[in-house]
Amino acid sequence: RLERLQRVVTKLQMESGLCEEQLNQADALLQTDVRLLAAGKAPQKAAEVERDLDKADAMIRVLFNDVQSLKDGRHPQGEQMYRRVYRLHERLVSIRTEYNLRLKSGAPVTTATAVAVTSGQRRLEPDEAPLRYLQELLAWVEENQRRVATAEWGADLPTVETHLGAHRGLHRAIEEFRAKVERARADEAGQGHSCKPHPVPPQNSSKSRLRHLESLHGFVSAATKELLWLSEREEEEVAFDWSHNNPAMAAKKESYS
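Residues numbered from 1 in each chain as written. Predicted model: local features only at pLDDT ≥ 70, side-chain atom pairs only at ≥ 80, totals over all residues. Heavy atoms only, no water.

**Things to note about the nonpolar core**
Phase 1: Core analysis: the biggest nonpolar cluster contains 28 residues, and Leu12, Leu23 and Leu53 have the highest contact counts within it.
Phase 2: If you list the elements that add at least two residues to this core, you get helix 1 (2-38), helix 2 (46-72) and helix 3 (78-104).
Phase 3: Ranked by residue count, the leading element in this core is helix 1, at 11 residues.
Phase 4: Once residues lying within four places of it in the same chain are set aside, the contact partners of leucine 23 are Leu53, Ala56, Leu88, Arg91, Leu92 and Ile95.
Phase 5: Of all hydrophobic cores here, the second largest spans seven residues; its members include Leu101, Trp140, Val141 and Leu170. (Core = buried A, V, L, I, M, F, W, Y, C linked by side-chain atoms within 4.5 Å. Buried < 20%, exposed > 50% of the residue type's maximum accessible area, 1.4 Å probe, protein only. Helix = DSSP H or I, 4+ residues; strand = E, 2+ residues; numbered from the N terminus. Contact = heavy atoms within 4.5 Å.)

**Quick word on the environment of arginine 84**
Phase 1: With respect to the helices, strands and loops of the structure, arginine 84 is situated in helix 3.
Phase 2: Those residues in contact with arginine 84 that sit more than four places away from it in its chain are Gln13, Ser16 and Gly17.

**Some thoughts on a nonpolar patch on the surface**
Phase 1: Judged by side-chain polarity, Leu227, Trp229 and Leu230 come together as a nonpolar surface patch covering roughly 340 Å² of accessible area.
Phase 2: Turning to its location among the elements, tryptophan 229 is positioned in helix 6 (residues 203-239).
Phase 3: Judged by relative accessible area, tryptophan 229 falls into the partly exposed class, the value being 46%. (Patch = residues over 30% accessible without salt bridge, like charges linked within 9 Å, V, L, I, M, F, W, Y side chains within 5 Å. Areas by Shrake-Rupley, 256 points an atom, 1.4 Å probe, with all protein chains shown as cover. Salt bridge = Lys/Arg side-chain N within 4 Å of Asp/Glu carboxyl O.)

**Overview of the pattern of salt bridges**
Phase 1: The tally for this structure, following the rule as stated, stands at 12 salt bridges.
Phase 2: Among the salt bridges present, the one from aspartate 54 reaches arginine 96, with a minimum N-O distance of 3.3 Å. Note that aspartate 54 is positioned in helix 2 and arginine 96 in helix 3, a separation of 42 residues in sequence.
Phase 3: Aspartate 57 is the salt-bridge partner of arginine 96, the closest N and O atoms lying 4.0 Å from each other. Of this pair, arginine 96 sits in helix 3 while aspartate 57 sits in helix 2, and the two are 39 residues apart along the sequence.
Phase 4: Where salt bridges share partners, they join Asp54, Asp57, Arg61 and Arg96 into one cluster.

**Observations concerning the confidence of the model for the protein**
Phase 1: Overall, the predicted model of the protein reaches an average pLDDT of 77, with 78% of residues at or above 70.
Phase 2: Per-element averaging of pLDDT across the protein places strand 1 (residues 116-117) at the bottom with 34 and helix 1 at the top with 89.
Phase 3: A low-confidence stretch, residues 107-127 (pLDDT under 50), is modelled with 42 contacts involving residues beyond four sequence positions or located in other chains. (pLDDT = per-residue confidence, 0-100.)

**What about the packing of helix 1 against helix 2?**
Phase 1: It is the contact of helix 1 with helix 2, at a shortest axis distance of 9 Å, that shows an interaxial angle of 160°. The angle between helix 1 and helix 2 falls in the class roughly antiparallel. The two elements helix 1 and helix 2 cross, and the hand of that crossing is left-handed.
Phase 2: Here the contact of helix 1 with helix 2 is built from residues that sort into 20 nonpolar, four polar and seven charged. (Axes fitted to C-alpha atoms, helices over the stretch in contact; angles between N-to-C directions. Parallel < 35°, antiparallel > 145°, perpendicular 65-115°, else oblique. Left-handed = near helix turned anticlockwise from the far one by under 90°. Nonpolar A, V, L, I, M, F, W, Y, C, P; charged D, E, K, R; others polar.)

**Notes on the side chain of glutamate 161**
Phase 1: Among the secondary structure elements, glutamate 161 is positioned in helix 5 (residues 157-191).
Phase 2: Only 3.2 Å separates the side chain of glutamate 161 from the side chain of histidine 217, close enough to count as a polar contact. (Polar contact = N/O pair within 3.5 Å; in protein donor to acceptor, adjacent residues only side chain to side chain.)

Written as structure tokens, this is what we have:
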């Protein structure tokens, strides 16, 4: 059993390294396209970034399953490996959020200067940029409102932990996003544009989901411990010699009473 778990540790160490390389590659490609957008040019690497992120996502799902087998086996490195995979997942969420906001949606990098529109290669005039930027931000808000509203919860400890980790990353992105929304509103007001009503950033619903996920995680963790305890007691009962000749029978009866 220990040899089997140690093989899982070795696999986790190797594959988490490969996953980190995949994320580094996706981030490097993303930053290349962000610089192109800032220079008023069309991005070139969007499809590659999305493909790398999808690969990393699939790898992380497998890694979480391996981590859970370590924790179920009470391996001393289980918690360490969990933190390692959790950090990879947080980074995936961070890179995907930036990709969705700055590249996939075509959101401009700045609001004070002309901005490249990737579809038509036309540069927005300065007075158009704030309104376009605001529209892109609000589209991001609406997308994440939908994500929060339709997200799943998980039916066991590994899936609850996965959803909790994913939502912590999303919630952090939502909190950081508020400043961008406020800046865009200020730009809009300064340019005399009107884009009402504004959708409210999904901060409150995100906070609520995070609070409920943390509560669910606490309950499922406690329930899992109780189930493990019951399983251990069951194993003892199944293995016990219930014949009347067993000298330990008297102690067992006392224990039951």
